[in-house]
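Here are the chains, one letter per residue:
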Amino acid sequence: GNSVTQMQGQVTLSEEEFLFINCTYSTTGYPTLFWYVQYPGEGPQLLLKVTTANNKGSSRGFEATYDKGTTSFHLQKASVQESDSAVYYCVLSSSGSWQLIFGSGTQLTVMP
Amino acid sequence: ETAVFQTPNYHVTQVGNEVSFNCKQTLGHDTMYWYKQDSKKLLKIMFSYNNKQLIVNETVPRRFSPQSSDKAHLNLRIKSVEPEDSAVYLCASSKGTISNERLFFGHGTKLSVL
């Protein structure tokens, strides 16, 4: 079946530190990979999306590369800000499935 | 900018009561969804609906049912709430029906069952 694994439940950083959130996936179909971000009191919103293997997506300073070899889609940002504090979800869409599969989410807290 | 509107923001009720949540999207999208987000922030899809097809996640209890009057509205009814139904219910929409399309979410309705 299809699955997404985010091992880090919580990440705490200081402003201007480097962010790395781990995500791996498993699927038997052709994947499209997303990162969604959920700010407090809001619903999730799309951060970035990649449909092609070994391509990189980027948005608002965040980057993620769809690595078919390692089945990973890690999220990175060179320098975080307090306003980046939110829950980040790695999400898998697979051909032949009607569902999006959400990872368990990573709560990012950035201290000023 | 919010284009998926949910009411109410919060609802507190007792076990066994019936509740109904409303959702409206102004994006002209064809497909709407309901998701459940538990206290650990885990997100699970409950329903996907467009004017041609309702798809139900097989794990959803039968006391939950979606109700739609037109493609801009998808309400959620819970016939007889249970304590485990306490969660945030998120409505979403997408332009088409294929799963790799971008979702637009509302702000959610938080349900507390006493």
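See the structure above.
Our subject in this report is the structure included herewith.

What follows is about the overall build of chain B. Secondary structure assignment for chain B yields zero helices and eleven strands. Against the globule reference of 13 Å for 114 residues, chain B gives a C-alpha radius of gyration of 13 Å, in line with a compact fold. The dimensions of chain B, computed from C-alpha atoms along their principal axes, are 35 × 30 × 25 Å. Taking the contacts inside chain B whose residues are at least 6 apart along the sequence as the reference set, 55% of them involve residues at least 24 apart. When the accessible surface of chain B is summed, it comes to about 6,200 Å², and 47% of that surface belongs to carbon and sulfur atoms. Here chain B holds 14 positive side-chain charges and 10 negative ones, and the gap between their average locations is 1 Å.

For the rest of this paragraph, the subject is the interface of chain A and chain B. Opposite the 20 residues of chain A that make contact, chain B presents 21 residues. Carbon and sulfur atoms make up 59% of the surface buried where chain A meets chain B, a total of about 1,700 Å² over both sides. Looking only at chain A, the three residues that lose the most surface to chain B are Pro44, Trp98 and Phe102 of chain A, adding up to 34% of its buried area. Our count for the contact surface shared by chain A and chain B stands at zero salt bridges. Viewed at the interface, chain B and chain A are joined by seven residue pairs in polar contact (both at pLDDT 80 or more). When grouped by side-chain class, the residues that make up the side of chain A that touches chain B number nine nonpolar, nine polar and two charged.

Here the focus is the sheet that holds strand β8 (residues 62-65) of chain A. Residues and elements named next belong to chain A. Pairing is antiparallel in the open sheet, where four strands are placed in the order β3-β9-β8-β7. Only two strands of the sheet have a single partner each, and these edge strands are β3 (19-21) and β7 (56-59). Between one strand axis and the next, the sheet turns by 15° as a mean value, whatever way the strands run. Pairing between β8 and strand β9 (residues 75-77): three bridges, direction antiparallel. Bridge pairing in β9 links Phe62 to Lys77.

Let us look at the nonpolar core. All names here are of chain A. Grouped together as the largest cluster of nonpolar side chains are 27 residues, with contacts concentrated most on Leu19, Trp35, Leu47, Leu48, Phe73, Leu75 and Tyr88. When residues of this core are traced back to their parent elements, those giving at least two are β2 (10-14), β3, β5 (31-38), β6 (45-50), β8, β10 (86-94) and β12 (106-111). At four residues, the largest contribution of residues to this core is made by β10.

What counts, and where the lines are drawn
- Residues numbered from 1 in each chain as written.
- Chains lettered and ligands numbered in written order.
- Predicted model: local features only at pLDDT ≥ 70, side-chain atom pairs only at ≥ 80, totals over all residues.
- Heavy atoms only, no water.
- Helix = DSSP H or I, 4+ residues; strand = E, 2+ residues; numbered from the N terminus.
- Rg over C-alpha atoms; globule rule 2.2 N^0.38 Å.
- Contact = heavy atoms within 4.5 Å.
- Areas by Shrake-Rupley, 256 points an atom, 1.4 Å probe, with all protein chains shown as cover.
- Lys, Arg positive; Asp, Glu negative; His and termini not counted.
- Charge placed at Lys NZ, Arg CZ, Asp CG, Glu CD.
- Buried area = accessible area lost by both parts, 1.4 Å probe.
- Salt bridge = Lys/Arg side-chain N within 4 Å of Asp/Glu carboxyl O.
- Polar contact = N/O pair within 3.5 Å; in protein donor to acceptor, adjacent residues only side chain to side chain.
- Nonpolar A, V, L, I, M, F, W, Y, C, P; charged D, E, K, R; others polar.
- Pairing = 2+ DSSP bridges.
- Axes fitted to C-alpha atoms, helices over the stretch in contact; angles between N-to-C directions.
- Core = buried A, V, L, I, M, F, W, Y, C linked by side-chain atoms within 4.5 Å.
- Buried < 20%, exposed > 50% of the residue type's maximum accessible area, 1.4 Å probe, protein only.

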